[in-house]
Amino acid sequence: MKTWLVRMGTVIALALTLTGCGYNDFQRLDEATNSAWAEVVNQYQRRADLTDNLVATVKGEAKFEQDTLNQVVNARAKATSIQVTPETLNNPQAFQQFQAAQGELSSALSRLMVTVERYPDLKANKAFSDLRVALEGTENRIAVARNRYIQAVQEYNVLARSFPTNLTAMVFSYKPKQNFTVANEAEISRAPKVDFGTSPAPGASR
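The present account deals with the structure reproduced in this document.

Calculation notes
Residues numbered from 1 in each chain as written. Predicted model: local features only at pLDDT ≥ 70, side-chain atom pairs only at ≥ 80, totals over all residues. Heavy atoms only, no water. Helix = DSSP H or I, 4+ residues; strand = E, 2+ residues; numbered from the N terminus. Buried < 20%, exposed > 50% of the residue type's maximum accessible area, 1.4 Å probe, protein only. Polar contact = N/O pair within 3.5 Å; in protein donor to acceptor, adjacent residues only side chain to side chain. Core = buried A, V, L, I, M, F, W, Y, C linked by side-chain atoms within 4.5 Å. Contact = heavy atoms within 4.5 Å. Phe/Tyr/Trp six-rings, centres within 6.5 Å; stacked < 30°, edge-to-face > 60°. Axes fitted to C-alpha atoms, helices over the stretch in contact; angles between N-to-C directions. Parallel < 35°, antiparallel > 145°, perpendicular 65-115°, else oblique. Left-handed = near helix turned anticlockwise from the far one by under 90°. Patch = residues over 30% accessible without salt bridge, like charges linked within 9 Å, V, L, I, M, F, W, Y side chains within 5 Å. Areas by Shrake-Rupley, 256 points an atom, 1.4 Å probe, with all protein chains shown as cover. Salt bridge = Lys/Arg side-chain N within 4 Å of Asp/Glu carboxyl O.

**Quick word on the environment of Thr80**
Working step 1: Looking at where Thr80 falls in the secondary structure, it is placed in helix H3 (residues 66-81).
Working step 2: Since its relative accessible area comes to 30%, Thr80 is described here as partly exposed.
Working step 3: Considering only alpha carbons, one finds Thr80 and Ala48, 32 residues apart in sequence, at a separation of 7.3 Å.
Working step 4: At 3.3 Å, the side chain of Thr80 forms a polar contact with the backbone oxygen of Ala77.

**Considering the nonpolar core**
Soluble globular proteins tend to pack their nonpolar side chains together in the buried interior.
Working step 1: Counting 21 residues, the largest nonpolar core has Leu54, Val58, Phe64, Leu109, Leu112, Leu122 and Phe128 as the members making the most contacts within it.
Working step 2: Mapped by element, the contributors of at least two residues to this core are helix H2 (23-58), H3, helix H4 (92-115) and helix H6 (126-161).
Working step 3: The element that contributes the greatest number of residues to this core is H4, accounting for six residues.
Working step 4: Beyond its immediate chain neighbours, meaning those up to four positions away, Leu54 contacts Leu109, Leu112, Met113, Phe128, Leu131 and Leu135.
Working step 5: Counting 14 residues, the second-largest nonpolar core is a separate cluster that includes Trp37, Val40, Phe98 and Ala145.

**Re the packing of aromatic side chains**
Working step 1: In this structure the tally under the stated criterion is 12 aromatic pairs.
Working step 2: Residues Phe95 and Phe180 carry aromatic rings whose centres are separated by 5.4 Å and whose planes lie at 50 degrees to one another, so their mutual orientation is tilted. A residue pair is termed long-range when its members are at least 10 positions apart, and Phe95 in helix H4 and Phe180 in the loop between helix H7 (165-171) and helix H8 (182-188) qualify at 85 residues. As far as the burial class goes, Phe95 and Phe180 line up, both buried.
Working step 3: Pairing Tyr149 with Phe180 gives two aromatic rings, centres 5.7 Å apart and planes at 75 degrees, and the pair type is edge-to-face. Note that Tyr149 is positioned in helix H6 and Phe180 in the loop between H7 and H8, a separation of 31 residues in sequence.

**Describing the packing of H4 against H6**
Working step 1: For the pair H4 and H6, interaxial distance at closest approach is 13 Å and the crossing angle is 150 degrees. By the angle between their axes, H4 is roughly antiparallel relative to H6. In the packing of H4 onto H6, the handedness of the crossing is left-handed. Residue-level inspection shows Phe95, Leu109 and Met113 of H4 in contact with H6, the latter providing Phe128, Leu135, Glu139 and Tyr149.

**Considering a nonpolar patch on the surface**
Working step 1: Taken together, the side chains of Phe163, Leu167 and Met170 present a nonpolar region at the surface, about 370 Å² in accessible area.
Working step 2: For Phe163, the location among the structural elements is in the loop between H6 and H7.
Working step 3: Judged by its relative accessible area of 68%, Phe163 falls in the exposed class.

Written out as structure tokens, the structure is:
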């Protein structure tokens, strides 16, 4: 009985020590960042799926500029070729590649939407219009998911860098997680232009 009490006391003391040093907070915030990251990836995948359908619809416009369309196709292929996992959060190079690829797709989609202004028949196409609305909604969801991830990472990183929880971070190898950089955040936050006018751009012809 005495040995059992000693063991229980040791376990309780250890639990209290871990709680006081932020161990449980690290577990909670690590799960929060992984969950937020998964939602970011999920929304980017949804955008990629919509982009695939968008490209298929635009291809129906025989005279549409192929260079613009090819840029979207290539950017989508690059963005979806990058394998992202929770481990990506601890790999600066992989994280930056992910950001860059998503930024390229955002830029390509923006150029596509601007080019569509010259094609009134395409703008009037219901399938294209529905995809435009869905894409706009997805861009909003991306922004929300990305902001939640940024906040989750900030909270985790503050814990990892603050005293005395930084000691726990060193013992258990809890390194600060990667976050969106200012430059890339500004780029991938720029949603594709989807506010179409009712007439073709000046000087444009069919």
